[in-house]
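What the coordinates show
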Amino acid sequence: MMGCTKFSPFVSCTITGRFDSAALARFANLVTLGLSGLDLGDLSLDTLVHNLGSLQKLYLFGVNISVLNPSPTGLVTTPVLQELTMSGCKITGPIDIFLAKLRFLSKLTLDNSDFVPTDRVLESFTNFSSLVLLSLQDCGLNGTFPSRIFHIKSLAILDVSFNKNLSGELPEFKQGSVLQVLVLSGTKFSRPIPESIGNLKNLTILDLYSCQFHGFVSSFAQWPEISMVDLSSNNLTGFLPSDGYLGLDNLMYINLENNSVSGEIPVSLFSHPHLQYLHLSQNNFTGNFLLYPNASQRLRMIDISKNKLQGPIPKSISKLLGLEELDLSSNNFTGTVDLNLIKNYVNMTLLSLSNNRLSVVIMEDGDTNFYQEYPHRLDFLGLASCNLTNVPEFLRHQKLLHLDLSNNNIAGHIPDWIWENGKYDAVNLSHNSFSSIQTDLSVFMYGLFYLDLHSNKIEGALPLPPCETVKLDYSNNHFNSSVTTEFWSQISSSSFVFLSNNSLVGEVPPLLCNGTDIEILDLSFNRFSGLIPPCLLKHKNKLEILKLRGNNFHGSVPQKISKECALQIIDINDNKLEGKLPASLVNCRMLQLLDLGNNEIVDTFPEWLGVLPLLKVLVLNDNRFNGHIDQYGRHKQMHSYFPALQVLDLSSNAFTGGIPTLILKKLKAMMVPSSSGPPSIYTEIIADLNRSPPGYMPYDKSSFTITLKGQETTMVSILPIFMYLDLSNNNFDGTISDGIGDLKLLKGLNLSRNSFTGHIPPRIANMLQLESLDLSYNKLSGKIPPELALLTFLEVLNLSYNHLSGPIPQSNQFSTFPETSFLGNDGLCGKPLPHPCTMNRPPSAPAAPDSSTEVNWDVLGIEVGVISGLATVVITALLWGNGRRWIYYQVDRFFMRVLQPRIHHRRRRRH
């Protein structure tokens, strides 16, 4: 279809549908042409512009076109064409060659278009000396943006937003610039914002959202025409100027969220006569939230959440009658707030007071008309951690989309009327004391995005969730039934399912595998039994987190794992699994945590897992793994071997042999800090979960349990700086290799309850970050290396029940360790042991192999004298009543502290 309007002697046309190129011959004087949704594969831009010699404005929307076929007569230049818009187009060929011919272009828009964004394309934009508007939104630009473009004297509007691989920096701006709109959001522009940006006196819009700028926030007062400033999601610091805002007559929008700006929020901002939107969340603002009596009635949105503000919420805030959104959550506000204040906000859609130290009260009466005074457009209500003891009655009359009443003191039955509104996208009632829910949620609501009931006291059967619920959390309750077939069917469209920490029983059916969109499945700490459905690992290509810890699953780990495995976490600790590990685990190239501890798995060390590039945590403790862990023939030639491993727990198995030197050489993540490497664990999943509505807490996905500093410890998350190695309670023997000192980043090292011999390697002192060292119950001999006193972070040391001798170091941390750290070493002396070291006491050392038949008469004479003297003392003491009691006390003390632990240890090793 072609629609044309004639403005003699020129014509403007817009063409949609099927394009007839022959029809253009009738419009030689065409001045404006718009083409939409056409495939012009047989017509090039050159030909189009050449045939329409009077064309001044060309608008192409969603058009496929080529620049590969130049005009037969050749197009040298187009002095008439002034505006070119190609939005959402697919452009084939070198667009820079075509653009180079348009020297007098004043407006160029290539938003969302698909072309090859070479360096030549970027440089071609610098040739337009008359350019007024350049808009290149989301068109795949990469490389470095030429700074010369900023200096085009006529340029008033520049937008290169959402080109995520485009880098650059702001230049030094000169006086007299006509730049009015500068939009760089969603790019990699970096470095500090130059002070010379104050020379942009015509600036009306500054949008630098989600770049990489750092340094101080620029003063808004230097832009007299400014209407919008968005500097959010950068690394900006410093303070906001306290004045200069009232003179900015056009300023309507300020967004500084997700930076590190500190100090107090200028009170004058809230009195600005034209400001409507103020976003200051996720910064470090401190002080009180203050309002002048003349606070602006035009404010529509105030978001100062996630700061460090304190004190009471000013009562005068109820006078801001134009407010539509008010978010004060996640600060340190105190005092009591009467929620009736929102009755003044006729147009309010969002209110969040969550996660402060507030007490919210609602002075209600029985009159139904009382609730009609509340705003009728309220979509989001956040009252988490507000000391509520019941569900606010006025919610009966609201049609909310998001409701957050988490972390309160609400008990009893969840009111049925909460669900009857039926418009919710998200409901969070977690961390209360609700005891029951009787409503069939699948009847009242459909398509609920987020339902969180975790950490309550709800008993009975699992309530059926609404159909197509995306995020469902019933964890940490008292549900104690089997899970019905209807429930498993109902969650088939869910992405995140959390049922952990209940008392659920029965088997998990293969029906669960019909949920092809499940990304996180957490059934931990229940009483599920039976086999793990093989289809969970064989066909679930989207599953990223699988947590089945603390159940009664038996049989073997499913042996067939999808080649498209997306798993990042597998935690099936504390079940009754047996058999061998599936070799197909190597298909899980994204795996970061594998916890198979506390099962009955019988296998050798899975050195083949060393090929997984992102594996950070490997826990195999308390199984029946056996054999040497250094299989030279298999992995000796591996280029990388557990390259990202930070936590290795092989404790309480039956491994034998020595600590493999090859392994000590390959665990690179424990040796050298990495400035790049794999991303922080679960980063991508966290990003998904954090798309939840405001005020909702992300799921704790990264916890795992180890024995640290002598106690079983649950790590909430795996930090990039946490390194831990536990080989305790096995049958390792031989000497402890000096190479262990290369693991410089270890926080914890546990080699206890093995049969290691020889000396303690002094190179352990290289582990300057070490906080826990346990070498107890081995056969180590020699002195305690004095170098260990250099471990100034060491909190727990256990060297007990070895054959160590000589003085205990007395400097730094050693002065803080208790006597129990050194018990069972007959040759040790000095504090904290009760027997001091004598000045001339010779150090104990193993006898030389050929010295057994030689007698050292000098030493023998001394020993005979000592024994004779000791016998005299003992006999005298036995004849004296108090002396007998002293002797019996010392013998009992020796038995309790030395002999009894050894007997217990030997019995344990036999069993």
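These lines cover the structure that appears in this document, whether it is placed above or below. (Residues numbered from 1 in each chain as written. Predicted model: local features only at pLDDT ≥ 70, side-chain atom pairs only at ≥ 80, totals over all residues. Heavy atoms only, no water.)

Moving on: the overall build of the protein chain. If you tally the helices and strands in the protein chain, you get 13 helices and 62 strands. Here the protein chain has roughly 40700 Å² of accessible surface; of this, 53% comes from carbon and sulfur atoms. (Helix = DSSP H or I, 4+ residues; strand = E, 2+ residues; numbered from the N terminus. Areas by Shrake-Rupley, 256 points an atom, 1.4 Å probe, with all protein chains shown as cover.)

Bringing the packing of aromatic side chains into the picture now. Under the defined criterion, the tally for this structure stands at 22 aromatic pairs. Ring geometry for Phe-150 versus Phe-173: centroids 6.0 Å apart, planes at 90°, classification edge-to-face. Here Phe-150, found in the loop between β11 (142–144) and β12 (157–159), pairs with Phe-173, found in the loop between β13 (165–169) and β14 (181–183); they are 23 residues apart in sequence, far enough to count as distant. Here Phe-150 matches Phe-173 in class, with each residue buried. Ring centres of Phe-732 and Phe-756 lie 6.3 Å apart, and the angle between their planes is 5°; this geometry places the pair in the stacked category. With a gap of 24 residues between them, Phe-732 in strand β55 (residues 731–735) and Phe-756 in strand β57 (residues 755–758) connect regions that are remote in the sequence. The exposure class of Phe-732 is buried, given its relative accessible area of 0%. Classification of Phe-756 as buried rests on a relative accessible area of 0%. An aromatic cluster is defined as three or more aromatic residues linked by ring pairs; in this entry it consists of Phe-605, Phe-625, Tyr-641, Phe-642, Phe-655, Phe-732 and Phe-756. When the ring centre of Tyr-777 is taken as origin, the NZ or CZ atom of Arg-753, which lies over that ring, is 4.0 Å away. (Phe/Tyr/Trp six-rings, centres within 6.5 Å; stacked < 30°, edge-to-face > 60°. Buried < 20%, exposed > 50% of the residue type's maximum accessible area, 1.4 Å probe, protein only. Lys NZ or Arg CZ within 6 Å of the ring centre and 35° of its normal.)

So, about the nonpolar core. Side chains that are nonpolar tend, in soluble globular proteins, to be buried together. Ranked by size, the top nonpolar core spans 226 residues in total, and within it Phe-125 and Leu-353 carry the most contacts. The contacts of Phe-125, once residues within four sequence positions are left out, are Leu-99, Leu-108, Leu-110, Leu-134, Leu-136, Ile-149 and Ile-152. With 11 residues, the next largest nonpolar core counts Phe-496, Val-619, Phe-722 and Tyr-724 among its residues. (Core = buried A, V, L, I, M, F, W, Y, C linked by side-chain atoms within 4.5 Å. Contact = heavy atoms within 4.5 Å.)

Relative to the elements of secondary structure, Asp-207 occurs in strand β16 (residues 205–207). As a buried residue without a salt bridge, Asp-207 has its nearest oppositely charged side chain in Arg-300, at a separation of 17 Å. Contact partners of Asp-207, with chain neighbours within four places excluded, come to Leu-182, Val-183, Leu-184, Ser-185, Met-228 and Asp-230. (Lys, Arg positive; Asp, Glu negative; His and termini not counted. Salt bridge = Lys/Arg side-chain N within 4 Å of Asp/Glu carboxyl O.)

The next thing to look at is the pairing of strand β61 (residues 803–807). Bridge count between strand β59 (residues 779–782) and β61: two bridges; the pairing is parallel. Each bridged residue has a counterpart across the sheet, and for Ser-781 the counterpart in β61 is His-803. Note: β61 against strand β62 (residues 827–829), three bridges, orientation parallel. Paired with Ser-805 across the bridge in β62 is Gly-827. (Pairing = 2+ DSSP bridges.)

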